[in-house]
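# Examination of the molecular architecture
The lines below spell out each chain.
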Amino acid sequence: VLRCCCKGLLALRVSWLECKDSVDVDASNLSACSWLWKNVPSIKALSLSSATETQLQGLLQDAKALAALTLHNCSISTMPNLPGQLEQLRVFNCLSEKEAAAYPESLSVAYFCRCNSLEKLPSLPMALLELSFVNCRVLAEIPDLPDALKYLECTDCPSLKQLPELPSGLTSLYLERCERLQV
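Residues numbered from 1 in each chain as written. Predicted model: local features only at pLDDT ≥ 70, side-chain atom pairs only at ≥ 80, totals over all residues. Heavy atoms only, no water.

With that out of the way, let us pick up the pattern of salt bridges. For the structure shown, the criterion picks out two salt bridges. The closest approach of N and O atoms between Arg177 and Asp156, which form a salt bridge, is 2.6 Å. On the criterion of sequence distance, the pair formed by Arg177 in the segment after β9 (172-176) and Asp156 in the loop between β8 (151-155) and β9 is long-range, its members being 21 residues apart. We note a salt bridge from Glu176 to Arg177, for which the minimum N-O separation is 3.1 Å. Taking the relative accessible area as the measure of exposure, Glu176 reaches 39% and is therefore partly exposed. Several salt bridges converge on common partners, so that one network encompasses Asp156, Glu176 and Arg177. (Salt bridge = Lys/Arg side-chain N within 4 Å of Asp/Glu carboxyl O. Helix = DSSP H or I, 4+ residues; strand = E, 2+ residues; numbered from the N terminus. Buried < 20%, exposed > 50% of the residue type's maximum accessible area, 1.4 Å probe, protein only.)

Moving on, we come to the packing of aromatic side chains. Under the definition given, this model contains four aromatic pairs. Centroid distance Tyr103 to Phe112: 6.3 Å. Interplanar angle 55°. Geometry classified as tilted. Residue Tyr103 is classed as buried on the basis of its relative accessible area of 8%. Between Tyr151 and Tyr174, the aromatic rings sit 5.5 Å apart at their centres with planes inclined by 50°, giving tilted as the arrangement. Highlighted residues: Tyr151 in strand β8 and Tyr174 in strand β9, separated in sequence by 23 residues. Overall, the relative accessible area of 42% leaves Tyr174 in the partly exposed class. (Phe/Tyr/Trp six-rings, centres within 6.5 Å; stacked < 30°, edge-to-face > 60°.)

Before going further, it helps to spend a moment on the nonpolar core. With 43 residues, the main nonpolar core has Leu69, Leu71, Leu89, Phe112, Leu131, Phe133 and Ile142 as its most contacted residues. Counting residues per element, the ones that place at least two in this core are β3 (45-49), α2 (53-60), β4 (68-72), β5 (88-92), β6 (109-113), β7 (130-134) and β8. Sorting elements by how many residues they give to this core places α2 first, with three residues. (Core = buried A, V, L, I, M, F, W, Y, C linked by side-chain atoms within 4.5 Å.)

With four of five residues buried, β4 lies mostly within the body of the structure. Of the crossover connections in this fold, the one passing from β3 over α2 to the parallel β4 is right-handed. Inspection of the sheet shows β4 paired to β5 by five bridges, in the parallel sense. Following the sheet pairing, His72 is matched in β5 by Phe92. (Right-handed = clockwise from strand over helix to strand, strands pointing away. Pairing = 2+ DSSP bridges.)

This is the structure:
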């Protein structure tokens, strides 16, 4: 794991025997982030903390191999365009808009935790296998679920009123503390 968080960093030289599959970036230093995308084009997994919407969009536009993205405490009002090959998205305490943007069709895992302004999502990708909402206080509705979905979790979502029709292949359903949910 490579972590860049030096505020004044303008250049960085790193060498290692084998390329790691994950990179942890503190986006308070955009120059370090830019260096990573120019010099490590095969990053497959990325965890970002405290990134702005502009920083996030700049990083994601060149993410040619990114398969897994985790966002923590990012100041974003709209989810930027996600890489077309993204398979996993985990969002913690980030979205401040009411509705998230569209997701790539390759997405198989989506996890939202403490996204307290998120009311609804756009249509979900057909390849989605796992979908989780934890402590999404104003989430009011979930779009139609794809037939491929195997796992659905809604925990501490007190504004959620109903679920769409559940796919026949769903193997795990977790519902806790969703007071308004009518089953």
